[in-house]
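Structural description and commentary
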Amino acid sequence: MLKKFAVVLAFMLCCNTVYAYNFSNKFSNSIKIQDEISYCPQQNIWSREIKNDCYTFTKYMTSGTGGFSEYEYNHTKIPANSTFEFIYDDRLIGYNHHTLKFFEMTYDGQKFSGKELSTDELKEFFPDVEFVKISEFKNNEITLYKPLFSKKNYLLVNDTDKDFYKYFFENYKNEKTLFRALFSTIRPRTFIYSHFGSRGKLYPALFIHIKTSFI
């Protein structure tokens, strides 16, 4: 009986650790390369409907490393300081994979600007995620607790001025997800978020220890 339980438990742990995060349909209206979008400053509305009295942009990506978005208006490409954007509720929401920050974006006729979204505002998009703030790390480490046998989702949120250019999780295959700072687990483990495995002062790794809470 004990052997059967161990087999079932091992199967549960293996299966649940590979389940992809189930993103909300709030992210479904993402902006892809060469998509056209419009911004009407009078109403502060973003949409895919092209209007004569609004700015019309075409999306491109920078040719260098990092994959930053650019929006062309009137034959000029304007940097957006984000790597992923989507329209939701007439708003343009941008995310920067390198700063780990979300923004609500606006355009003033010359440049893009963004109001950083707080974790309270992010709950609208991630209702089942625990936000892990960079400011809460001590010596680049943090310990988190999760219920036994329960899958838990986490998202790194940068509330500092630090930059995490080209950071990825080590031994955790989520590079192709919408937000690679999002991670999930059902079992205790340590996640390492690093710049190509670096442990140096210039690119210090982040260590996230997940432990089980029996309460």
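The structure contained in this document is the topic of the report that follows. Just so you know, these numbers come straight off a predicted model, no measurement behind them. (Residues numbered from 1 in each chain as written. Predicted model: local features only at pLDDT ≥ 70, side-chain atom pairs only at ≥ 80, totals over all residues. Heavy atoms only, no water.)

1. Details of the side chain of E70
Here E70 is to be found in strand β4 (residues 69–73). Comment: no salt bridge for buried E70; closest opposite-charge side chain is K77, at 4.6 Å. The contact partners of E70, leaving out residues within four places of it in the chain, are T58, K59, Y60, M61, T62, K77, I78 and P79. (Helix = DSSP H or I, 4+ residues; strand = E, 2+ residues; numbered from the N terminus. Buried < 20%, exposed > 50% of the residue type's maximum accessible area, 1.4 Å probe, protein only. Lys, Arg positive; Asp, Glu negative; His and termini not counted. Salt bridge = Lys/Arg side-chain N within 4 Å of Asp/Glu carboxyl O. Contact = heavy atoms within 4.5 Å.)

2. Some points on the state of the cysteines
Applying the stated criterion across every chain yields a total of one disulfide. Put simply, C40 and C54 are joined by a disulfide, and their sulfur atoms are 1.9 Å apart. Looking down the S-S bond of the C40 and C54 bridge, the torsion is 95°, so its handedness is right-handed. Note that C40 is positioned in strand β1 (residues 36–40) and C54 in the loop between β2 (45–47) and β3 (55–61), a separation of 14 residues in sequence. (Disulfide = S-S within 2.5 Å.)

3. Looking at the sheet that holds strand β10 (residues 129–133)
A sheet is described by the order of its strands in space; here three strands give the open sequence β10-β12-β14, paired in mixed fashion. At either end of the open sheet lies a strand with only one pairing partner, and these are β10 and β14 (182–185). Neighbouring strand axes in the sheet, compared pairwise and without regard to direction, differ in orientation by 30° on average. By the bridge criterion, five bridges tie β10 to strand β12 (residues 152–157) in an arrangement that is parallel. Residue F131 lies in a different strand from β12, and its bridge partner there is L155. (Pairing = 2+ DSSP bridges. Axes fitted to C-alpha atoms, helices over the stretch in contact; angles between N-to-C directions.)

4. Overview of the pairing of strand β5 (residues 76–79)
By the bridge criterion, four bridges tie β4 to β5 in an arrangement that is antiparallel. When the sheet's bridge partners are listed, Y73 is paired in β5 with T76. Taking the residues between adjacent antiparallel strands as the criterion, β4 and β5 are bridged by two residues, where N74 takes a positive phi near 55°.

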